[in-house]
Amino acid sequence: MEVSYNLRFQKSNFSNKTILDKEGEIIIYAKGFRLKGKGATDKGELMNFSEIKEFYHRNERIYFITFNKEKYTLSDAGNLFEQLVVDLYKSRNEFLMDGLFMKGGKLKAEFEGNFQRISKFAKPINKGHAKFRLYESSLVIVPTNQDAFSVHFHFVNFYEFDEDEYTLKIVMDDGLTLFFSQLGNDYEFFQEKMETLLGGMYETIVNDVLKQAFVEFHAATLLKLAYKMKGGKSVSLHDIKKMDSEMAARVTEFMFEDAVFAEKVKLLGDMVDDYNTFFGIAKDPTVASSYIRWVMYAIPDKNIVAFSILPRWEQGGKTSEDGISPKHETFFFKIIMEKGSPNDKIEDKTREIDQSLVNLRFAKDPCYKDKRELKHSPYQYAIRKLPYLRILRKSFCGKAAASDVKEWQKQAMDIMNRAELK
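Keep in mind the model is a prediction, meaning the values are calculated, not measured.

Colleague: With reference to specific residues and values, describe the overall build of the protein.
Modeller: Looking only at helices and strands, the protein features eleven helices and 22 strands. Its C-alpha atoms give the protein a radius of gyration of 24 Å, near enough to 22 Å, the size a compact globule of 422 residues would have. Summarising its shape, the C-alpha atoms of the protein cover approximately 70 × 55 × 45 Å along the three principal directions. Counting over 422 residues, the protein shows a buried share of 49%. Of the contacts formed within the protein by residues at least 6 apart in sequence, a portion of 57% connects residues at least 24 apart. Total accessible area computed for the protein in this model is approximately 21200 Å², and 47% of it derives from carbon and sulfur atoms.

Colleague: Provide a residue-level description of the environment of Arg117, including the pertinent values.
Modeller: Tracing the chain through its elements places Arg117 in strand β8 (residues 107-118). Each C-alpha atom of the pair Arg117 and Val358 lies 22 Å from the other, and the pair is 241 residues apart in sequence. In this structure Arg117 touches Lys123, Pro124, Ile125, Asn126, Phe149, Leu176, Thr177 and Leu178, once residues within four positions along its chain are discounted.

Colleague: Before we move on, can you summarise the pairing of β8 with the specific residues and values?
Modeller: Sheet analysis places β8 next to strand β9 (residues 124-135), joined by eleven bridges and oriented antiparallel. From the neighbouring strand, Phe115 faces β9, where its bridge partner is Gly128. Connecting β8 to the antiparallel partner β9 that follows it, the hairpin turn spans five residues, and Ala122 within it adopts a positive phi of roughly 65°. Here β8 runs beside strand β14 (residues 177-181); their pairing, made up of five bridges, is antiparallel. Directly across from Gln116, in β14, lies its bridge partner Phe179.

Colleague: So, the sheet that holds β14: which residues are in play, and what are the values?
Modeller: The sheet built from seven strands is open, its strands ordered β11-β10-β9-β8-β14-β13-β12 with antiparallel pairing. Of all strands in the sheet, those with a lone pairing partner are β11 (149-152) and β12 (156-162), marking the two edges. Neighbouring strand axes in the sheet, compared pairwise and without regard to direction, differ in orientation by 30° on average. Here β9 runs beside strand β10 (residues 138-143); their pairing, made up of five bridges, is antiparallel. Residue pairing in the sheet places Arg133 in a bridge with Val140 of β10.

Colleague: Give a detailed account of the pattern of salt bridges, specifying residues and quantitative values.
Modeller: Tallied over the full model, the rule gives 25 salt bridges. By sharing partners, the salt bridges in this structure join Arg8, Asp21, Glu23 and Lys38 into a single network.

Colleague: Give me the lowdown on the nonpolar core, citing residues and values where you can.
Modeller: If you look at the biggest cluster of nonpolar residues, it comprises 92 residues, and the most contacted ones within it are Phe307 and Phe332. For Phe332, the contacting residues outside a window of four places in its chain are Leu268, Ile304, Val305, Ala306, Ser395, Phe396, Cys397, Gly398, Ala400, Ala412, Ile415 and Met416. Core analysis: the next-biggest nonpolar cluster, separate from the first, contains 41 residues, Tyr5, Leu74, Leu374 and Ala382 among them.

Colleague: Tell me what's going on with the side chain of Arg92, and back it up with residues and numbers.
Modeller: Relative to the elements of secondary structure, Arg92 occurs in helix α1 (residues 81-99). Accessibility expressed as a relative area gives 1% for Arg92, which makes it buried.

Colleague: Pulling in residues and values, what's your account of the packing of aromatic side chains?
Modeller: Tallying each qualifying case throughout the model produces 30 aromatic pairs. When the centroid spacing of 6.3 Å and the interplanar angle of 80° are considered together, the rings of Phe67 and Tyr381 count as edge-to-face. One end of the pair, Phe67, is in the loop between β6 (61-66) and β7 (71-75); the other, Tyr381, is in the loop between α8 (365-368) and α9 (382-385), and 314 residues separate them in sequence. Taking relative accessible area as the criterion, Tyr381 reaches 3% and is therefore assigned buried. On the numbers, 6.0 Å between centres and 20° between planes, the contact of Phe256 with Phe261 is stacked. Grouped by ring-pair contacts, the aromatic residues Phe33, Phe49, Phe55, Phe64, Phe67, Tyr72, Tyr89, Phe95 and Tyr381 constitute a single cluster. Positioned over the ring face of Tyr227 is Lys230, at 5.1 Å from the centre of the ring. Its end group placed over the ring of Phe254, Arg293 keeps NZ or CZ at 5.1 Å from the ring centre.

Colleague: For the pairing of β11, give the residues involved together with the corresponding values.
Modeller: Sheet topology note: the β10/β11 ladder contains four bridges and is antiparallel. Counterpart to Ile141 in the pairing with β11 is Phe149. Connecting β10 to the antiparallel partner β11 that follows it, the hairpin turn spans five residues.

Conventions used here
- Residues numbered from 1 in each chain as written.
- Predicted model: local features only at pLDDT ≥ 70, side-chain atom pairs only at ≥ 80, totals over all residues.
- Heavy atoms only, no water.
- Helix = DSSP H or I, 4+ residues; strand = E, 2+ residues; numbered from the N terminus.
- Rg over C-alpha atoms; globule rule 2.2 N^0.38 Å.
- Buried < 20%, exposed > 50% of the residue type's maximum accessible area, 1.4 Å probe, protein only.
- Contact = heavy atoms within 4.5 Å.
- Areas by Shrake-Rupley, 256 points an atom, 1.4 Å probe, with all protein chains shown as cover.
- Pairing = 2+ DSSP bridges.
- Axes fitted to C-alpha atoms, helices over the stretch in contact; angles between N-to-C directions.
- Salt bridge = Lys/Arg side-chain N within 4 Å of Asp/Glu carboxyl O.
- Core = buried A, V, L, I, M, F, W, Y, C linked by side-chain atoms within 4.5 Å.
- Phe/Tyr/Trp six-rings, centres within 6.5 Å; stacked < 30°, edge-to-face > 60°.
- Lys NZ or Arg CZ within 6 Å of the ring centre and 35° of its normal.

Next up, the structure:
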């Protein structure tokens, strides 16, 4: 895609002082655009979408602010303004879908209709007309003149098709509510495709993940666990015990089959109960026939939530450690709050970790590394724009990574003592 429009553009600094005012053109590319003044010698400014912090339009003007706090105003596009907006968002939304990890697997279908998004406080966020792209584990909403956003199926708490009103209602784990309507003749096909993908997700978890690790359990028992552990999302030991006590014992054994790891994290396990001990299992997105296992502890007395991703578990029961003695890296995050007690905010903090790991395919680096280290990584834009990831990164307070058990436990205690509310 490469299209151009004649217009006027202004550039101002963080003090709102105009430092550039030109007539010229905008040339739109796949991952950004160039603002170029009149005249063959004007090379213009190339702007990547990854550099833009805010982007919006009103009253036939387009505004965007960069991460360097420079503000640009595009105007005077005449009767082509609406088409300019459409083309800019078309290009920007393709970037956002990749930069913010919206696509869950392969594209399965595309539909068109209306959407409405409402916050957990019952406040309208936005609405409009959009294309609905259905992937294997996500629904991406691509409006004509707004930023794209996604619904990851792993974090869907409830959904309901109203066949009288021809609408779909989705409620997410964090309380966000979405409505989809005006799908026309495609409504039934949309419903069928959505239900097939959501049903297939549980089937995949059971057959491709849980049955490989827990062959001795009936499919019905595994399906209960799959419903809670979508995409590798964490489930509390208390909830697993409610499903099946034998399953809980087997999952615990599976997680702690590495005796050194079990000895290290016993320090954390002794501080919590079953409600605050969490386990997750997922198909490894990078290595065929291997699986992700991870453990999380919520420790309100220490104002901490910590997680550790274990070495890969391979089909057949082998653990892959690449010939290196594992350090069992465990990452510690403070429970940040304005008022109340850490216990009140555990659900929010564990959800941040779940969303960050599941949506970013269990990459640890974006959860804690300095943004300068991630400057050329695929996570560069995500660490700036995904709210749950930004909050998680701000709350990072240390990593225990020693090979020796006593040294690892010392590192862990030092971190928790620093984080504890005084």
